[in-house]
Amino acid sequence: MLLLLLGIIVLHVAVLVLLFVSTIVSQWLVGHEYAADLWQNCTASTGNVHHCFSSSVNVWLQSVQATMILSVIFSVLSLFLFFCQLFTLTKGGRFYITGVFQVLAGLSVMSAASIFTARHLEWHLNSDYSYGFAYILAWVAFPLALLSGIIYVILRKRE
Amino acid sequence: MLRALAPAPAMAPGAPSSSPSPILAVLLFSLVLSPAQAIVVYTDKEVHGAVGSPVTLHCSFWSSEWVSDDISFTWRYQPEGGRDAISIFHYAKGQPYIDEVGTFKERIQWVGDPQWKDGSIVIHNLDYSDNGTFTCDVKNPPDIVGKTSQVTLYVFEKVPTRYGVVLGAVIGGVLGVVLLLLALVYLVRYCWLRRQAALQRRLSAMEKGKLHKPGKDTSKRGRQTPVLYAMLDHSRSTKAASEKKSKGLGESRKDKK
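Residues numbered from 1 in each chain as written. Chains lettered and ligands numbered in written order. Predicted model: local features only at pLDDT ≥ 70, side-chain atom pairs only at ≥ 80, totals over all residues. Heavy atoms only, no water.

- The name an unreviewed UniProt entry assigns to chain B is Myelin protein P0, from the organism Trichechus manatus latirostris.
- Chain B has a UniProt comment under Function (unreviewed entry) that states "Is an adhesion molecule necessary for normal myelination in the peripheral nervous system. It mediates adhesion between adjacent myelin wraps and ultimately drives myelin compaction."
- In its Subunit (unreviewed entry) section, the UniProt record describing chain B reads: "Homodimer and homotetramer." (UniProt positions renumbered as here; feature names shortened; annotations may be inferred.)

- For chain A, the name recorded in an unreviewed UniProt entry is Peripheral myelin protein 22, with Trichechus manatus latirostris as its organism.
- According to the UniProt record, the Sequence similarities (unreviewed entry) comment for chain A is "Belongs to the PMP-22/EMP/MP20 family."
- In the Function (unreviewed entry) part of its UniProt record, chain A is described as follows: "Might be involved in growth regulation, and in myelinization in the peripheral nervous system."

Shown next as structure tokens:
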């Protein structure tokens, strides 16, 4: 029982770390001599400011940023709720709210990564690039968060 | 002396610890004690405008003196990559003087109001060549010492949506929806539990009534009770419902007690 609990917490923290790292680290797109991420994309290529900012570009990039932030928020909230429910839940109860928020975190990071995959060409004009590790971490975080959320929902509390 | 006066407000808090020479310290000390005489001018850091559309360059100031009649505003323009700043606008003695010959000929409009400490101008019909730095300078005699403030103009084909609008909208929207749903779920659950509790209470009241005063209306209640029991039993376990309905009256009463 204790081992299971520990495993769940470790999984959750791992998801949280993955989300944080992929949100912050500037390795979403790496190219010949640059690396771009969610935050420093346009300012990095200040040589041509006029083409860097374009409304459609900004909108999609901002929604990626927003969904990544949301996933972090949901995951943190989920961890918090888990500890709350751990002490308040009656015996045999399920961690519904915790699980729901963790699943939401997974869905958010999935939508962020999907939007980025589909739309990054709109603001990333350099054709010489490949995906960086932060992008991959975001995709790894998605199934892990989903798994962790499902485990929460399935799990019953035992005293 | 005048040069030293200008940055004084910014330096003053950290001055005693970092002043290298006693003379400077004394100077700063006297400056701190004397009422601040510097005028402070405020503008945006940068403004964005679309080609062909107007843009407003805001300029305001803070001064220790009352706004005098001799107040003057000066806007200077330094093209992007250029070295020299040229005056493009001057306001003095209640009269705006507008650039009549330069690049901003007939494109500048005075929209400020000295009474409100506002020295804003509008530049109409923007062009890419207008990219550059605009400097606002205010003199409010006798308060004439102070730094100018600069605003950088960027001209775009299409003005980008302001950064953070979509970001904030998405985060706020999703969080709002989730919270709303959560509240709704809890409300429904709360109502459901309350209804259950009320049902339970009514049921026990009926039982009591039946036990304590087996009067004339017993038969009516007796007819109603099994139906209610059946409802409750369905909600708990459908399997046991039928047999409880038939013989469960006595048992249930025992449970309740």
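Now that the structure is up, let's keep going.
Some remarks on helix α6 (residues 133–154) of chain A
Link 1 in the chain: An ideal rise of 1.5 Å per residue puts 32 Å on 22 residues; α6(A) measures up with 32 Å between its terminal C-alpha atoms.
Link 2 in the chain: Restricting attention to buried positions, one finds in α6(A) the residues Ala134(A), Tyr135(A), Ala138(A), Ala141(A), Phe142(A), Ala145(A), Ser148(A), Gly149(A) and Tyr152(A). (Helix = DSSP H or I, 4+ residues; strand = E, 2+ residues; numbered from the N terminus. Expected span 1.5 Å × (residues − 1). Buried < 20%, exposed > 50% of the residue type's maximum accessible area, 1.4 Å probe, protein only.)

So, the pattern of salt bridges
Side chains carrying opposite charge are able to pair once their charged atoms draw close together.
Residue and element names in this part refer to chain B.
Link 1 in the chain: For the structure shown, the criterion picks out 3 salt bridges over all chains.
Link 2 in the chain: The partner of Asp130 in a salt bridge is Arg107, and the shortest N-O contact between them spans 2.9 Å. One end of the pair, Asp130, is in the loop between β9 (121–123) and β10 (132–139); the other, Arg107, is in the loop between β7 (95–98) and β8 (108–110), and 23 residues separate them in sequence.
Link 3 in the chain: We note a salt bridge from Lys139 to Asp137, for which the minimum N-O separation is 3.1 Å.
Link 4 in the chain: On the basis of relative accessibility, which here comes to 27%, the residue Lys139 falls in the partly exposed class.
Link 5 in the chain: Its relative accessible area of 10% is what places Asp137 among the buried residues. (Salt bridge = Lys/Arg side-chain N within 4 Å of Asp/Glu carboxyl O.)

A few points about the state of the cysteines
Residues and elements named next belong to chain B.
Link 1 in the chain: On inspection of all chains with the given rule, the structure shows 1 disulfide over all chains.
Link 2 in the chain: Paired by a disulfide, Cys59 and Cys136 hold their sulfur atoms 1.9 Å apart. For the disulfide bridge between Cys59 and Cys136, the dihedral angle about the S-S bond is near -75°, and by the sign convention the bridge is left-handed. Placement of Cys59 in the loop between β3 (55–57) and β4 (60–62) and of Cys136 in strand β10 is noted, with a sequence separation of 77 residues between them. For the pair Cys59 and Cys136, a shared accessibility class is recorded, and that class is buried. (Disulfide = S-S within 2.5 Å.)

Digging into the sheet that holds β7(B)
Strand pairing in a sheet takes place through backbone hydrogen bonds and is either antiparallel or parallel in direction.
Residue and element names in this part refer to chain B.
Link 1 in the chain: Read from one edge of the open sheet, 6 strands run β2-β11-β10-β5-β6-β7, paired in mixed fashion. The strands lining the two open edges of the sheet, one partner per strand, are β2 (46–50) and β7. Strand-to-strand twist in this sheet, taken as the mean axis angle between neighbours without regard to direction, amounts to 20°.
Link 2 in the chain: Both β10 and strand β11 (residues 149–156) contribute to a ladder of 5 bridges, which runs antiparallel. (Pairing = 2+ DSSP bridges. Axes fitted to C-alpha atoms, helices over the stretch in contact; angles between N-to-C directions.)

Notes on the sheet that holds β3(B)
Residue and element names in this part refer to chain B.
Link 1 in the chain: Across the sheet, which stays open at both edges, the 3 strands sit in the order β3-β9-β8 with antiparallel pairing between neighbours. Across the chains shown, the open sheet's two edge strands, defined by having one partner strand only, are β3 and β8. Within this sheet the neighbouring strands show an average axis-to-axis angle of 25°, counted without direction.
Link 2 in the chain: Examined bridge by bridge, β8 and β9 share 3 bridges and lie antiparallel to one another. Residue pairing for β9: Gln109 is matched across the bridge by Val122.

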